[in-house]
Amino acid sequence: MKIALLGYGKMGKVIERIALERGHEIVLRKSSSTSYAGLENADVAIDFSVPSSAVANISECLNNGIPVVSGTTGWLEEYPNMVALCEQKNGSFIYGSNFSLGVNLFFELNDYLAKMMSKFKNYSASMEEIHHTQKLDAPSGTAISLAKGIIENSDYTNWTLDANPKENEISIEALRIENVPGTHSIFYNSEVDTIEIKHTAHSRDGFALGSIIAAEWLVGKKGVFTMKDVLELN
């Protein structure tokens, strides 16, 4: 499989290494200072760039009939437009706030726990996420996905970065610490105890591998998909 890498920072280089180990070929390594030359030779593109570049990268792929997997976060106000473009062009698109296989299982656990805890009003939900200092958006896309999972399965209606949330708000504490790939914790606190579930990434390899598995799965398909489809969690 021929892969175009849109974004050639730390994540892009990890994706390249694992893709080559899996027998794939890299036909484009795009950074902010290079063109899309070579994209036309790709079977699929993987976008791990920056929020300001994601929409242009995804649009370029969809406009040229290249399936695209995007793990860039911080641009989701434009997501409906990318879905519409994909449908207009009969393209292939997967966005994931986190491609780690473990995190996607964690999403399912979070949904189940939120549904169960919604019956017990003496517990209040809160979250903490920790990432490396180079991460530009806060809270993380993964934290937002987790918060949405709680909201969809409970009486909570919103999330906030405020340490003193309003009623029916989930407080998210976003910390930035050097060399932390990503840690997400969900807390249900009462006066007598705390229930906690937590996912800790040990390296970027899990994110990279998941994005490549998604790209392998996407080739030959048409439509807008998620990691639930890739992992058959629907």
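Residues numbered from 1 in each chain as written. Predicted model: local features only at pLDDT ≥ 70, side-chain atom pairs only at ≥ 80, totals over all residues. Heavy atoms only, no water.

Caption draft 1: Summary view of the overall build of the chain. Scanning the chain from terminus to terminus reveals seven helices and 11 strands. Its C-alpha atoms put the chain at 60 × 40 × 30 Å along the principal axes. With 234 residues in all, the chain has 48% of them scored as buried. A sequence separation of at least 24 residues applies to 64% of the contacts in the chain between residues at least 6 apart. Here the chain has roughly 11,300 Å² of accessible surface; of this, 51% comes from carbon and sulfur atoms. The distance from the centre of the 20 positive side-chain charges to the centre of the 29 negative ones in the chain is 5 Å. (Helix = DSSP H or I, 4+ residues; strand = E, 2+ residues; numbered from the N terminus. Buried < 20%, exposed > 50% of the residue type's maximum accessible area, 1.4 Å probe, protein only. Contact = heavy atoms within 4.5 Å. Areas by Shrake-Rupley, 256 points an atom, 1.4 Å probe, with all protein chains shown as cover. Lys, Arg positive; Asp, Glu negative; His and termini not counted. Charge placed at Lys NZ, Arg CZ, Asp CG, Glu CD.)

Caption draft 2: Geometry of the environment of Asp155. Summarising the element assignment, Asp155 is placed in the loop between helix H5 (141–152) and strand S7 (158–160). The exposure class assigned to Asp155 is partly exposed, which follows from its relative accessible area of 48%. For the pair Asp155 and Pro165, spaced 10 residues apart in sequence, the C-alpha separation works out to 14 Å. Among residues more than four places away in sequence, those in contact with Asp155 are Lys121 and Asn168. A polar contact of 2.5 Å, which involves the side chain of Asp155, links it to the side chain of Lys121. (Polar contact = N/O pair within 3.5 Å; in protein donor to acceptor, adjacent residues only side chain to side chain.)

Caption draft 3: Spatial organisation of the sheet that holds strand S8 (residues 169–176). Sheet architecture is open: five strands sit in the order S7-S8-S6-S9-S10, paired in mixed fashion. This sheet does not close on itself; its edge strands, each paired only once, are S7 and strand S10 (194–200). Each adjacent strand pair in this sheet contributes to an overall mean axis angle of 20°, direction not counted. Taken together, the three bridges between S7 and S8 define a ladder with parallel strand orientation. (Pairing = 2+ DSSP bridges. Axes fitted to C-alpha atoms, helices over the stretch in contact; angles between N-to-C directions.)

Caption draft 4: The pattern of salt bridges, seen in detail. All told, the structure shown has eight salt bridges when counted by the stated rule. One salt bridge connects Arg22 with Glu216, and the closest N-O pair in it is separated by 2.9 Å. Here the residue Arg22 occupies a position in the loop between helix H1 (10–21) and strand S2 (25–30), and Glu216 occupies one in helix H6 (residues 205–218), the gap between them amounting to 194 residues. On the accessibility criterion, Glu216 (28% relative accessible area) is partly exposed. Between Lys121 and Asp155 there is a salt bridge; the shortest N-O distance is 2.5 Å. Residue Lys121 is located in the loop between helix H4 (101–117) and strand S6 (124–131), and its partner Asp155 is located in the loop between H5 and S7; the two are separated by 34 residues in the primary sequence. (Salt bridge = Lys/Arg side-chain N within 4 Å of Asp/Glu carboxyl O.)

Caption draft 5: Examining the packing of helix H2 (residues 51–63) against helix H3 (residues 79–88) more closely. Their axes nearest at 9 Å, the elements H2 and H3 cross at an angle of 10°. Comparing their axes, H3 and H2 come out roughly parallel. Side by side, H2 and H3 meet where Val55, Ile58, Ser59, Leu62 and Asn63 of the first sit next to Met82, Leu85 and Cys86 of the second. (Parallel < 35°, antiparallel > 145°, perpendicular 65-115°, else oblique.)

Caption draft 6: View of a nonpolar patch on the surface. A cluster of nonpolar residues, Tyr112, Met116 and Phe120, forms a patch on the protein surface that exposes about 340 Å² of accessible area. If you trace the backbone, Phe120 turns up in the loop between H4 and S6. (Patch = residues over 30% accessible without salt bridge, like charges linked within 9 Å, V, L, I, M, F, W, Y side chains within 5 Å.)

Caption draft 7: Molecular detail of the side chain of Thr73. Summarising the element assignment, Thr73 is placed in the loop between strand S4 (68–70) and H3. Engagement of the side chain of Thr73 in a polar contact is seen with the side chain of Lys135, the distance being 3.4 Å. Among the polar contacts listed, one links the side chain of Thr73 to the side chain of Asp137, at a separation of 2.7 Å. Setting aside its immediate chain neighbours within four residues, Thr73 contacts Pro51, Tyr95, Ser97, Lys135, Asp137 and Gly141.

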